[in-house]
Amino acid sequence: MITIGTIHTPYKTKEDCPIQPAFASQEPSRVEVFPEFSAGLKDVETFSHIYLLYQFDRAGEIQFVRPTFLADTPRGVYASRHPSRPNNIGLSVLRLLRREDNVLFVEGADMLDKTPLLDIKPYLAQYDAIANASAGWTTELQWRGKPRGRE
């Protein structure tokens, strides 16, 4: 696996970093794609949202069962979005504000500053949104914070 760029966010520490894009600051972040991969950005600015796949490069020790950030009950790593996972791959859907050459300006970043970027894919509501999807064990939760824009 190779790194195709770097994600620049306002979050310098794990404690400052939001747990999901819905809880993130509306402050724009930058996704810098390395010049040798920038040709692949052609037409990306025509989408309102993009998936970023990235490496949890500072995630910590892998534990297959642990409490999550949302609740104290231990859950399996594959039933959570905890960053400490065997392949340390993160996935977030962010709002794409604009593109300037090889830099994408996005809103809703929930990763640490200088996170390695692995891939970018367009979000397509007609294929990606699943109307009746189950939220699993998270339906039992009282949320510990308010998602951005949902106060």
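Predicted model only: the values in this text are computed from it and were never measured.

Draft legend 1. Fine view of a nonpolar patch on the surface. There is a patch of nonpolar side chains on the surface, built from Ile62, Phe64, Val65 and Tyr78 and spanning about 450 Å² of accessible area. Residue position: Val65 is located in strand β4 (residues 65-67). A relative accessible area of 56% means that Val65 is categorised as exposed.

Draft legend 2. Here's a closer look at the sheet that holds strand β1 (residues 5-8). If you walk around this closed barrel you meet the 6 strands as β1-β2-β7-β6-β3-β8, and the pairing is antiparallel. Mean inter-strand twist for the sheet, computed between neighbouring axes without regard to direction, equals 45°. By the bridge criterion, 4 bridges tie strand β2 (residues 29-33) to strand β7 (residues 103-107) in an arrangement that is antiparallel. Bridged to Arg30 within β7 is Phe105.

Draft legend 3. Local environment of the nonpolar core. Counting 19 residues, the largest nonpolar core has Ile50, Leu52, Leu104, Leu117 and Ile120 as the members making the most contacts within it. Taken together, the elements giving at least two residues each to this core come down to β2, β3 (49-55), β6 (89-100), β7 and β8 (115-122). A total of 3 residues in this core trace back to one element, the largest contributor, which is β3. In this structure, Leu52 is in contact with Ile7, Val31, Gly90, Leu91, Ser92, Leu94, Met111, Leu117, Asp119 and Ile120, ignoring residues within four places of it in sequence.

Criteria and thresholds
Residues numbered from 1 in each chain as written. Predicted model: local features only at pLDDT ≥ 70, side-chain atom pairs only at ≥ 80, totals over all residues. Heavy atoms only, no water. Patch = residues over 30% accessible without salt bridge, like charges linked within 9 Å, V, L, I, M, F, W, Y side chains within 5 Å. Areas by Shrake-Rupley, 256 points an atom, 1.4 Å probe, with all protein chains shown as cover. Salt bridge = Lys/Arg side-chain N within 4 Å of Asp/Glu carboxyl O. Helix = DSSP H or I, 4+ residues; strand = E, 2+ residues; numbered from the N terminus. Buried < 20%, exposed > 50% of the residue type's maximum accessible area, 1.4 Å probe, protein only. Pairing = 2+ DSSP bridges. Axes fitted to C-alpha atoms, helices over the stretch in contact; angles between N-to-C directions. Core = buried A, V, L, I, M, F, W, Y, C linked by side-chain atoms within 4.5 Å. Contact = heavy atoms within 4.5 Å.

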